[in-house]
Amino acid sequence: MLEKCFNTLALVTFLDSHPAIHVCCNAVPGNSNAPVRERVLKFGLPAPLFTIDMEEARVPHDAFVRFFDCLDPAFHHGVTLGQSNTVVLCPAFTSHSEMDEDALHDAGIAPTTIRIAVGDENPKELMAHFLAAARLALDPVVPGFSAGFMGADDIDAMVRDIYLQVHRRYVESMPAMA
């Protein structure tokens, strides 16, 4: 579970680095639920479940569908939770597909909303796959989309820093030998 929470922080930070992706997670700086997360959840870590949407990017529907399809197999398409692998679903295509546009909007679901249940894989591999899917399916219709993410050196530093912060909290929470 600790690994899933670490991966959630890393993926949220990576995805939130893109100006056209809205990340809905209490691990995002400034999120109104961040103080609750810090106070209530163990080590102040987020639950390994969050959503993103790309409405600001104005991605055409067919390109978004191609992108979502390209996320598999690294991001398994499914509706289950609690697995060891990362699972994504697009509520507008699946769990909420019977709702009309107004009902989806009222529920906070955009056509490009993706729910991500984070697993325990290497987060850099997930980020690399997300970037590859964006380059393949989104860059041709939204030129430069994939360039909106943080660079490789920044990703390496971010993952290292989050890993050290999370594990420091874990080690410091252990009872003293005395």
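The preceding data block contains the structure.
Position numbers for residues start from 1 in each chain and track the written sequence from start to end. At least 70 in pLDDT is required for a residue's local features to be given in this predicted model, at least 80 for side-chain atom pairs to be given and counted, and no such filter applies to totals for whole chains, interfaces and linings, which use all residues. Derived side-chain values reflect all non-hydrogen atoms in the structure, with water molecules and hydrogen atoms excluded from consideration.

### Brief notes about the overall build of the protein
In step 1: Note on conventions: DSSP H or I runs of at least 4 residues are helices, E runs of at least 2 residues are strands, and numbering of each starts at the N terminus. Summing up its helical and strand segments, the protein has 6 helices and 5 strands in all.
In step 2: Computed over the C-alpha atoms, the radius of gyration of the protein is 17 Å, within 12% of the 16 Å expected from 2.2 N^0.38 for a compact globule of 178 residues.
In step 3: Referenced to the eigenvectors of the C-alpha coordinate spread, the extents of the protein come out at roughly 60 × 35 × 30 Å.
In step 4: For the protein, buried positions account for 43% of its 178 residues. Note that the radius of gyration is over C-alpha atoms, with the globule rule given as 2.2 Å times the number of residues to the power 0.38. Only protein chains enter the accessibility calculation, which uses a 1.4 Å probe; a residue is then buried when its area is under 20% of its type maximum, exposed when over 50%, and partly exposed in between.

### Observations regarding a negative patch on the surface
In step 1: Patch membership requires more than 30% relative accessible area and the absence of a salt bridge. Residues of like charge join within 9 Å; the nonpolar side chains Val, Leu, Ile, Met, Phe, Trp and Tyr join within 5 Å. Per-residue and other accessible areas follow the Shrake-Rupley method at a 1.4 Å probe size, with only the shown protein chains counted as cover for residues. Just to be clear on terms, a salt bridge is a Lys or Arg side-chain nitrogen sitting within 4 Å of an Asp or Glu carboxyl oxygen. Positive charge is attributed to Lys and Arg, negative charge to Asp and Glu, and no charge count is given to His or to the chain ends. Charge positions are represented by NZ for Lys, CZ for Arg, CG for Asp and CD for Glu. The grouping of Asp-100, Glu-101, Asp-102 and Asp-106 at the surface amounts to a negative patch.
In step 2: Along the polypeptide, Asp-102 turns up in helix 4 (residues 101-106).

### Quick notes on a nonpolar patch on the surface
In step 1: Residues Val-36, Val-40 and Leu-41 make up a contiguous nonpolar surface patch of roughly 230 Å² in combined accessible area.
In step 2: Its location among the elements puts Val-40 in helix 2 (residues 34-40).

### As for the packing of aromatic side chains
In step 1: Each pair of aromatic rings taken from Phe, Tyr and Trp, with Trp reduced to its six-membered ring, is defined by centres within 6.5 Å and is described as stacked if the planes are under 30 degrees apart, edge-to-face if over 60, and tilted in the remaining cases. Considering all chains together, one arrives at 10 aromatic pairs under this definition.
In step 2: Between Phe-6 and Tyr-163, the ring centres sit 5.3 Å apart and the planes meet at 90 degrees, which makes this aromatic pair edge-to-face. Of the two residues, Phe-6 sits in helix 1 (residues 2-16) while Tyr-163 sits in helix 6 (residues 152-173), which places them 157 residues apart along the sequence.
In step 3: On the accessibility criterion, Phe-6 (2% relative accessible area) is buried.
In step 4: Of the aromatic side chains, those joined through ring pairs into one cluster are Phe-14, Phe-64, Phe-67, Phe-68, Phe-75, Phe-130, Phe-145 and Phe-149.

### Notes on unusual backbone geometry
In step 1: The omega torsion across Asp-72 and Pro-73 is 15 degrees, close enough to zero to call that bond cis.
In step 2: By the element assignment, Pro-73 lies in the loop between helix 3 (61-71) and strand 3 (76-77).
In step 3: In this model, Arg-58 sits at a positive phi of 50 degrees, which is unusual for a non-glycine residue.
In step 4: With respect to the secondary-structure elements, Arg-58 resides in the loop between strand 2 (49-53) and helix 3.

### What to know about the pairing of strand 5 (residues 114-117)
In step 1: Side chains Ile-114 and Ile-116 project from strand 5 onto one buried face, and the interleaved Arg-115 and Ala-117 project onto a second face that is buried too.
In step 2: With 4 bridges connecting them, strand 2 and strand 5 associate as antiparallel partners. By the bridge assignment, Ile-52 is partnered in strand 5 with Ile-114.
In step 3: Pairing geometry for strand 4 (residues 87-89) and strand 5, over 3 bridges, is antiparallel. In the sheet register, Val-88 faces strand 5, and the bridge partner there is Ile-116. Here, any two strands with at least 2 DSSP bridges between them count as paired.

Remember that the coordinates give geometry; whether it matters functionally is a separate question.
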